[in-house]
Structures are given as structure tokens and as C-alpha cells.
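Understanding the architecture of this molecule
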Amino acid sequence: MDVIETIYKRRSIRKYANKPVEKDIIITLLKAAAAAPTAANCQPWEFIVIDEVEKLTVLREKLIFARYNAPVAIVVCGNMKLAFKGPAREMWVQDCSAAIENILIAATSIGLGTVWVGAYPIESNVKPIKKLLDIPDYVTPLGIVFVGYPAETKEARTRFDEKRVYWQGYEPNRKHRSKDKPITGHY
Ligand SMILES: Cc1cc2nc3c(=O)[nH]c(=O)nc-3n(C[C@H](O)[C@H](O)[C@H](O)COP(=O)(O)O)c2cc1C
């Protein structure tokens, strides 16, 4: 699949077929994650793969915005012992976000569905995930990627909007789209 086409095709899938995802496919997704760019090449990411039904069930129960029937969940974490030192440490969020996006795009390209569920900085998500998965204090779960074969289809699309694009500098007086329309649906 063409890369641009794959990027447009990636959508949040919230209904999954009752079909497991093979381990070698999960490894392929993790290799894509670990190919992401990372500040100062720190690679602060770590991945916890959950494919046991009991654990997935508990995880779903703990997170009200993650009650999806995917057969696999990949928890993408930032390890502060690996992260950039000093004020740039917070770049772990960007590094791990890039890794997550790589998983989403790679999965789409091989016919899998995914949804990114945010954890950090929402403490009510971070805390139960850390407890359930025995995550130490210097490791923070940024998000969970649910992965599986899709049982729903969504149209490929981009939400490109010229009003969000400035050339050569910002125009503070330009009317911003988010002020014109109410925000609805998932965040
Ligand atoms: C940081 C982040 C956190 C998200 N958290 C959730 C979540 O908790 N539950 C959920 O169903 N979707 C979540 N999503 C998915 C968004 O709802 C989704 O990307 C958005 O509605 C746009 O739809 P699309 O992914 O199909 O393009 C999250 C996405 C991001 C980037």
C-alpha cells in the first residue's frame, strides 16, 4: 500500500474480529515503533504487550475510554532512566508518540485495525495501568495501542484545512476553526 494512502486509511477502530494477531506480526509492529525518530537518539520507549484474555479484561475494566474487544494491547511506556537528561527530558513524550504513530501506520498497511488510547498525563489512567502491569516509578505509560483485525470499516480521509496553515508566519487575527465549531466525540 502506498504510504500516503495508508496514512489516510488509518482510523481509530473500536470493533474487532474474534481473531488473534500472530506474534510475528506484533514483532513487526514493534520494529516499526522502534524505527521512530527520537531526541538525541535516547530511545526512551519500552513496550508491554498484553494478549492474555484475563489481563485484557482487567485492563478494559480499569479504563472507561478503552472498552474495546481487541485481542492485543501494546502499552507504550517512557523509561525516565533512558530519557534525555535535564529540561529536555519531557521529549520522551514526543519520542513515544512517534513510536505509537509508527505502530498505527504499520498496522494499517498490513490490514490490522488500531486505536490509540491515551494514558499520561491523565493520572486516573496512568495509576491503574502501572498497578496492573507492575510498572516501576521511573517508567510512565504514555498510551495503549489496541490492535486486531477490524470488524468495522471507516473511510480513508484527511482533515486538511487551509485555515490551519500559515505561510511565513502566524496571523493572530485570522479566525480559527476550533472557535467556529463545537468539539464533539472522542478527544
Ligand atoms: C493522545 C490520544 C489519546 C486518545 N485517547 C483515546 C481514548 O481514550 N479512547 C478512544 O476511543 N480513542 C482515543 N483516541 C483516538 C481519537 O479519539 C481519534 O484519533 C480521533 O477521534 C480521530 O479519529 P481517527 O483516529 O479515526 O482519525 C486518542 C488519540 C490520541 C492521539
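Refer to the structure above for everything that follows.
Here is what the cut-offs are and how they apply
Residues numbered from 1 in each chain as written. Predicted model: local features only at pLDDT ≥ 70, side-chain atom pairs only at ≥ 80, totals over all residues. Helix = DSSP H or I, 4+ residues; strand = E, 2+ residues; numbered from the N terminus. Expected span 1.5 Å × (residues − 1). Buried ≥ 20, exposed ≤ 12 C-beta atoms within 10 Å, placed from the backbone. Contact = placed C-beta atoms within 7 Å.

**Things to note about helix 4 (residues 92-109)**
- An ideal rise of 1.5 Å per residue puts 26 Å on 18 residues; helix 4 measures up with 26 Å between its terminal C-alpha atoms.
- All of the buried residues in helix 4 are Trp92, Asp95, Cys96, Ala99, Ile100, Ile103, Leu104, Ala106, Ala107 and Thr108.
- Looking at the buried side of helix 4, the elements it contacts are helix 1 (3-9), helix 2 (23-33), strand 1 (45-50), strand 2 (72-79), strand 3 (113-118) and strand 4 (139-148).
- Two residues or fewer past helix 4, Gly111 is found with a positive phi of approximately 85 degrees.

**Examining unusual backbone geometry**
- Across the junction of Tyr120 and Pro121, the peptide omega takes the value 10 degrees, indicating a cis bond.
- The residue Asn41 is not glycine, and still its phi comes out positive at about 55 degrees.
- You can see Asn41 is positioned in the loop between helix 2 and strand 1.
- Phi at Gln43 takes a positive value of approximately 50 degrees, unusual for a residue other than glycine.
- Position of Gln43 relative to the elements: it lies in the loop between helix 2 and strand 1.
- For Gln43, a count of 17 C-beta atoms within 10 Å gives the class partly exposed.

Purely geometric numbers; function is a separate question.
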